[in-house]
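# Structure at a glance
If you want the building blocks of each chain, they are given just below.
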Amino acid sequence: MVSESSLAVSVLPEALREREQWVCWREEDRDGKPTKIPVTPGAGGFASSTESDTWSDFETALEYTETEHADGIGFVFTDDDPIVGVDLDDCRDPKTGDVDDAARDIIDRLDSYTEVSPSGTGYHVLIRGELPEGRNRRGNIELYDTARFFTVTGDHVEGTPSRVARRQDALVAIHREYVQDTDTEAKSESGHRGATDEESATSGAVNVDVDLADEELLEKATNASNGEKFERLWSGNTVGYDSQSEADMALCCLLAFWTGGDRTRMDQLFRDSGLLREKWDEVHYADGSTYGEKTIERAITSTSEFYEPDAGDDTADAHDPAADSSPGGDAGDSERSRAYLAEKNRLLTERVDELEATLAEKTERIDTLEEEIGRLTEELASRDRESGDPQEAHTVDAGEGNNESETASVWGRTKRLFGSNSK
């Protein structure tokens with residue numbers, strides 16, 4: 001059974017805990033195979049991922065795991081929340097903690113709250129986004145967004161965010177590369193840009209010789225049609241990207257274009273950029289590959305056009321291979337670009353709505369304070385009349401000619417009584 005001490009409640013994102021979409025689960029043998037059965041917290045009957053009356057709030061579910069009727073808790077995905085779950089099975093050695101390449105790649109690119117599954121042999125990644133249309137499972141990778149539940153362990157993977165981050169672009173790219181059937185699979189099997197199978201599998205070389213000094217290459221990249229974007233990334237500016245990993249990928253795609261897919265030179269140039277950080281040389285994959293090596297490899301694979309000096313095109317008005325700003329992005333995917341812009345517009349609209357709501361609250365507060373000042377002014381004037389102060393009475397009876405002095409007097413006393421609150 002899971003208890004509060006064994007399940008690190010504090011690491012679970014608030015975006016999950018605040019929703020009343022929790023169930024419990026217990027393990028039973030079904031046809032000789034251990035299966036996690038959803039249980040209604042408190043009641044003990046079978047829970048359903050489509051019937052909300054069998055769910056509860058987080059605290060109730062957690063408390064029920066203290067009984068003998070539940071082994072753990074789980075979060076239910078629905079159409080009413082923006083949460084997407086990425087289930088990675090049989091990708092982790094529970095004894096050594098070693099992770100296979102595909103799982104590490106997906107975890108790095110999603111860059112959101114990730115935890116180890118109950119068995120210790122897989123991972124659950126939770127993000128905010130919208131699951132693309134098409135199939136949602138291939139091999140040991142499965143994507144959920146509704147009518148399913150995730151077991152939750154709280155065994156947070158070190159180095160991943162503690163929040164459920166929005167990663168729509170990365171989700172679309174991963175869905176396309178790892179799950180969805182596409183025509184590009186057949187193309188990748190025959191090699192990249194006409195390269196042999198051996199070249200495609202081992203080096204990703206594209207056989208384009210770019211004989212330019214670094215200074216000349218950087219000058220051409222800066223003066224190209226997308227030069228402003230290159231210069232911004234080169235200087236280390238990640239504005240417009242959900243994470244620095246996506247910015248790293250965007251710059252590498254541009255470097256792949258300008259170097260003709262030369263891995264060594266891409267690495268050397270990237271090290272001179274403002275985006276370089278310690279993570280670049282960290283080993284993140286079971287085959288010993290570093291984060292930087294894998295990013296360069298994906299950038300070359302994702303780039304469909306390369307600079308060719310012999311073509312005599314010094315303006316380099318080529319399509320920006322990183323136009324969609326997402327890791328592993330397809331340069332010609334205009335649909336993703338539209339989706340990205342639509343999401344940006346939605347976020348801006350939400351921000352405008354928040355500001356308008358704040359303005360309305362402040363306006364209402366001002367109206368309330370003005371009404372309070374008016375009431376207090378009347379009250380003070382009434383007290384003056386009742387006190388029989390000749391001077392005050394004279395001021396009150398003086399009529400319209402002395403209204404200005406009366407107002408000034410009352411306002412001064414009001415400010416003294418209430419200080420800054422009357423402003």
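First things first, this report covers the structure right here in the doc. (Residues numbered from 1 in each chain as written. Predicted model: local features only at pLDDT ≥ 70, side-chain atom pairs only at ≥ 80, totals over all residues. Heavy atoms only, no water.)

## As for the nonpolar core
For the record, the criterion: Grouping buried Ala, Val, Leu, Ile, Met, Phe, Trp, Tyr and Cys residues that are joined through side-chain atoms within 4.5 Å yields what is termed a nonpolar core. Only protein chains enter the accessibility calculation, which uses a 1.4 Å probe; a residue whose area is less than 20% of its type maximum is buried, one above 50% is exposed, and one in between is partly exposed. Strands here are runs of E lasting at least two residues and helices are runs of H or I lasting at least four, both read from the DSSP assignment and numbered beginning at the N terminus. Contacts between residues were defined by any pair of non-hydrogen atoms, one from each residue, lying within 4.5 Å.
Among the nonpolar cores identified, the biggest contains 31 residues, and L233, L251 and M266 are the most heavily contacted of them. At the level of secondary structure, the elements contributing two or more residues to this core comprise α7 (214–223), α8 (227–234), α9 (244–259), α10 (263–271) and α11 (291–302). The element contributing the most residues to this core is α9, with eleven residues. Setting aside residues no more than four positions away along its own chain, L251 makes contact with F230, L233, W234, F270, S273 and L275.

## Quick look at the packing of α9 against α10
For clarity, the cut-off: To obtain each axis, a line is fitted to C-alpha atoms, and for helices this fit is confined to the stretch in contact; angles are then taken between N-to-C directions over 0 to 180 degrees. Here the angle decides the label: under 35 degrees means roughly parallel, over 145 means roughly antiparallel, 65 to 115 means roughly perpendicular, and every other value means oblique. By definition, turning the near helix anticlockwise from the far helix through less than a right angle yields a left-handed crossing, and turning it clockwise yields a right-handed one.
Where α9 contacts α10, the two axes come as close as 10 Å, and the packing angle between them is 130°. With respect to each other, α9 and α10 are oriented oblique. At the point where α9 passes α10, the crossing takes the right-handed sense. Contacts from D248, L251, C252, L255, A256 and T259 in α9 reach R265, M266, L269 and F270 in α10.

## A closer look at the packing of aromatic side chains
Rules: Between rings of Phe, Tyr and Trp, where Trp is taken as its six-membered ring, a pair exists when centres lie within 6.5 Å; planes separated by under 30 degrees are stacked, by over 60 edge-to-face, and by other angles tilted. Think of it as a cone above the ring: NZ of Lys or CZ of Arg counts as a charge over the ring if it is within 6 Å of the ring centre and within 35 degrees of the ring normal.
Tallied over the entire structure, the rule returns twelve aromatic pairs. Ring centres of F75 and F77 lie 5.7 Å apart, and the angle between their planes is 85°; on these two criteria the pair is classed as edge-to-face. The same class applies to F75 as to F77, namely buried. Residues F230 and W234 carry aromatic rings whose centres are separated by 5.9 Å and whose planes lie at 15° to one another, so their mutual orientation is stacked. On the criterion of helical spacing, the pair formed by F230 and W234 is a turn pair, its members being four residues apart in helix α8. A network of ring pairs unites the aromatic residues W22, F58, F75, F77, Y144 and F150 as a single cluster. The ring centre of W25 lies 5.5 Å from the NZ or CZ of K36, which sits over that ring. Above the face of the Y291 ring, K279 is positioned so that its terminal group lies 4.5 Å from the ring centre.

## Some remarks on helix α4 (residues 168–179)
Applied cut-off: One less than the number of residues in a helix, times 1.5 Å, gives the span that helix is expected to have.
The first and last C-alpha atoms of α4 sit 15 Å apart over twelve residues, in line with the 16 Å expected at 1.5 Å per residue. Burial of α4 is extensive: eleven of the twelve residues sit out of reach of the surface. Regarding α4, the residues found buried are Q168, D169, A170, L171, V172, A173, I174, H175, R176, Y178 and V179.

## Thoughts on the pattern of salt bridges
We count it as follows: Between Lys or Arg on one side and Asp or Glu on the other, a salt bridge is scored when a side-chain nitrogen of the former is within 4 Å of a carboxyl oxygen of the latter.
The tally for this structure, following the rule as stated, stands at 17 salt bridges. The residue E14 makes a salt bridge to R17 at a minimum N-O spacing of 3.3 Å. Of the two residues, E14 and R17 are both situated in helix α1 (residues 14–17); the distance of three residues between them amounts to about one turn of the helix. For E14, a relative accessible area of 46% translates into the label partly exposed. Ionic pairing is found between E379 and R383, a salt bridge with its closest N-O pair at 2.6 Å. With E379 and R383 both in helix α12 (residues 334–387) and four residues apart, the pair spans about one turn of that helix. Accessibility expressed as a relative area gives 29% for E379, which makes it partly exposed. What you see here is one network of salt bridges that share partners, running through D105, R109, E177 and R298.

## A few points about the environment of R265
Here R265 lies in helix α10. Once residues within four sequence positions are removed from consideration, R265 is found in contact with V210, L212, A213, D214, L217 and T259.

## Examining the packing of α10 against α11
Test applied: Residue polarity is assigned by list, with Asp, Glu, Lys and Arg as charged and Ala, Val, Leu, Ile, Met, Phe, Trp, Tyr, Cys and Pro as nonpolar; anything else, Gly included, falls into the polar class.
With their axes 10 Å apart at the nearest point, α10 and α11 run at an angle of 120° to one another. Of the possible angle classes, the one that applies to α10 and α11 is oblique. For α10 against α11, the interelement crossing comes out right-handed. When α10 is examined against α11, the residues R263, M266 and D267 are found in contact with a partner set consisting of I296, E297, A299 and I300. Residue classes in the contact of α10 with α11 are distributed as four nonpolar, no polar and three charged.

## Describing unusual backbone geometry
The phi dihedral of D90 falls on the positive side, at around 45°, and the residue is not glycine. Looking at where D90 falls in the secondary structure, it is placed in the loop between β4 (83–88) and α3 (101–110). Phi is positive for A147, close to 60°, though the residue is something other than glycine. Take A147: it is sitting in the loop between β8 (141–144) and β9 (148–152). Assessed through its relative accessible area of 32%, A147 is described here as partly exposed.

## Looking at α7
Condition: Our arc is simply the arc of the directions from the helix axis toward the C-beta atoms.
When we look at burial in α7, the residues that qualify are L217, K220 and A221. Down the axis of α7, the smallest arc covering the buried residues is 100°, so these residues share one side. Seen from the open side of α7, the exposed residues pointing more than 90 degrees away from its buried face are E215 and N223. On its buried face, α7 is in contact with α8, α9 and α10.

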